[in-house]
Amino acid sequence: MSETMLDLRGVSKSFGHKAVLKEVDLSLPAGSVLGLVGKNGTGKTTLLKCALGLQRPQRGDVHILGEPAWELSAAGKERLGYVPQKIDLCPWMNIRQIAAYTGAFYPRWNKALVERMLQEWELNPKDRVGLLSVGQTQKLAIILALGHEPELLVLDEPAASLDPMARRQFLETLLDTVGERTVLFSTHITSDLERVADRVAVLKDGKIVYCGELDALKDSVKRLHVQAAATLPDGSFDVPGMLHAKLTGNEAVVSVQDFTADLPERIAQQWSASVAVEDLNLEDIFLELHHE
Ligand code: ADP
């Protein structure tokens, strides 16, 4: 069985009266790339900080790299790379200086890797950190987080400053570079996940409403078009795994989670209806999961 790099059990975190995480369970197997997706302000940063032991939840257990996150050892921290959303690097240094400065904190530092990545991402070692664009700063922060070759890389909105066209390409390059490492990254943009993440966790209203393989999510959430012989009852119309339904006379458009191949037939029998199944793209799936 593969090692679990990160394990959250029943994690709840509030700020004052505001409950941000509500009994969150999440686990991350070694070698996977997990995209944590949720709207802005849903608690992705809070979840990542709790996972890293930077914030302490009021309830629940968090283990990272097999250790309790809140008491993570120095050896554990060396196996970890983290790029926060708000990057704070010494602005007066140039890139070469900040790379040397950061490397000095780690017994193991791959200078050749750092230099190669700087070249690939077209960052000039002589450039001053404080004068870099937001996108360049983000790239630099990622390179610095990879210098000690962490086994687990945690990135909070890594493509936040990039335009939509550049985002996916950047993420794909990033994932090529990180190779076999385990990666957890957050994003509020669904398309960031395609071709980049192999697993996805959807955070909504403080809970993980889906966690699993990306392909399985696509198999799980479907839209059904139901056409019944008689008018469908607005109050009592129900379907297993229903996320929401829109009824108009004898027709219903229903989105469901946990779709199974026999569901259309069951609905057809129960409501004397014909049922057509619509596959959804990731954007639509995300909207269906977030439908109020
Ligand atoms: P996301 O990363 O999904 O945008 P955050 O985790 O940053 O969401 O924030 C979730 C919610 O928690 C927001 O409403 C935010 O205002 C609140 N929050 C986050 N950190 C703090 C804090 N230190 N004190 C009070 N409220 C906070």
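Residues numbered from 1 in each chain as written. Predicted model: local features only at pLDDT ≥ 70, side-chain atom pairs only at ≥ 80, totals over all residues. Heavy atoms only, no water.

**Student:** Please provide a residue-by-residue account of the sheet that holds strand β10 (residues 207–213), values included.
**Tutor:** Spatial ordering of the open sheet is given by β6-β7-β8-β3-β9-β10, a layout of 6 strands whose pairing is mixed. Only two strands of the sheet have a single partner each, and these edge strands are β6 (80–83) and β10. Going from strand to strand, the sheet's axes swing by 15° on average, the running direction of each strand aside. Alignment of strand β9 (residues 199–204) against β10, held across 6 bridges, turns out to be antiparallel. Across the sheet, residue V202 finds its bridge partner in β10, namely Y210. Contacts between helix α6 (residues 164–178) and the sheet are confined to β3 (33–37), β7 (152–156) and β8 (182–187), with β8 contributing the most and set at about 160° to the helix. (Pairing = 2+ DSSP bridges. Helix = DSSP H or I, 4+ residues; strand = E, 2+ residues; numbered from the N terminus. Axes fitted to C-alpha atoms, helices over the stretch in contact; angles between N-to-C directions. Contact = heavy atoms within 4.5 Å.)

**Student:** Could you give an account of the sheet that holds strand β5 (residues 67–68), naming the residues involved and the relevant values?
**Tutor:** Remark on secondary structure: sheet strands pair via backbone hydrogen bonds, oriented parallel or antiparallel. Strands sit in the order β2-β1-β4-β5 across an open sheet of 4 strands; the sheet is antiparallel. Either end of the sheet is taken by a strand with one partner, and the two such strands are β2 (18–29) and β5.

**Student:** A description of the pairing of β8 should follow, citing residues and the corresponding values.
**Tutor:** Counting buried residues along β8, 6 of its 6 residues qualify, which places the element largely inside the surrounding structure. The alternating pattern of β8 places T182, L184 and S186 on one face and V183, F185 and T187 on the opposite face, and all of these are buried. Of the pairings in the sheet, the one linking β3 to β8 comprises 5 bridges and is parallel in character. Across the sheet, L34 pairs through a bridge with L184, a residue of β8. Direction of pairing for β7 relative to β8: parallel, over a ladder of 5 bridges. Residue D156 lies in a different strand from β8, and its bridge partner there is S186. (Buried < 20%, exposed > 50% of the residue type's maximum accessible area, 1.4 Å probe, protein only.)

**Student:** Just give me the short version of the site of the ligand, but keep the residues and values in it.
**Tutor:** Around the ligand, the neighbouring residues are F15, K18, V20, K39, N40, G41, T42, G43, K44, T45 and T46. Between an oxygen atom of the ligand and a main-chain N or O atom of K44, the distance comes to 2.9 Å. In this structure, T45 approaches the ligand through a side-chain N or O atom, which is 2.8 Å from an oxygen atom. Burial of the ligand by the protein chains amounts to 60% of its free accessible area of 570 Å². Of all the secondary structure elements, the ones that give two or more residues to the shell around the ligand are β2 and α1 (44–52). (Near = heavy atom within 4 Å. Polar contact = N/O pair within 3.5 Å; in protein donor to acceptor, adjacent residues only side chain to side chain. Areas by Shrake-Rupley, 256 points an atom, 1.4 Å probe, with all protein chains shown as cover.)

**Student:** Mind laying out the domain arrangement of the protein chain, listing which residues take part and the relevant values?
**Tutor:** When cut into domains, the protein chain gives domain 1 (4–217) and domain 2 (221–289). The C-alpha centroid of domain 2 is placed 37 Å from the C-alpha centroid of domain 1. Across the boundary between the two partners, domain 1 contributes 13 residues, which contact 7 residues of domain 2. Both faces considered, domain 1 and domain 2 share a buried interface measuring about 860 Å² in area, 68% of it formed by carbon and sulfur atoms. (Domains from an automatic or database assignment. Buried area = accessible area lost by both parts, 1.4 Å probe.)

**Student:** Residue-level account of a negative patch on the surface, with values.
**Tutor:** Where like charges cluster on the molecular surface, the negative patch consists of D198, E213, D215 and D219. Mapped onto the elements of the fold, E213 is located in strand β10. Note on E213: relative accessible area 48%, which makes it partly exposed. (Patch = residues over 30% accessible without salt bridge, like charges linked within 9 Å, V, L, I, M, F, W, Y side chains within 5 Å. Salt bridge = Lys/Arg side-chain N within 4 Å of Asp/Glu carboxyl O. Lys, Arg positive; Asp, Glu negative; His and termini not counted. Charge placed at Lys NZ, Arg CZ, Asp CG, Glu CD.)

**Student:** Just give me the short version of the packing of aromatic side chains, but keep the residues and values in it.
**Tutor:** Inspection of the entire model under this criterion finds 3 aromatic pairs. Taken together, a centroid distance of 5.9 Å and an interplanar angle of 15° make the contact between Y106 and W109 stacked. By relative accessible area, which is 25% here, Y106 ends up partly exposed. Ring centres of F237 and W271 lie 5.0 Å apart, and the angle between their planes is 45°; on these two criteria the pair is classed as tilted. Taken as a pair, F237 in the loop between β11 (222–228) and β12 (242–248) and W271 in helix α8 (residues 263–271) lie far apart in primary sequence, 34 residues in all. According to the relative accessible area criterion, F237 is buried, its value standing at 5%. Residue classification places W271 among the buried residues on the basis of a relative accessible area of 18%. (Phe/Tyr/Trp six-rings, centres within 6.5 Å; stacked < 30°, edge-to-face > 60°.)

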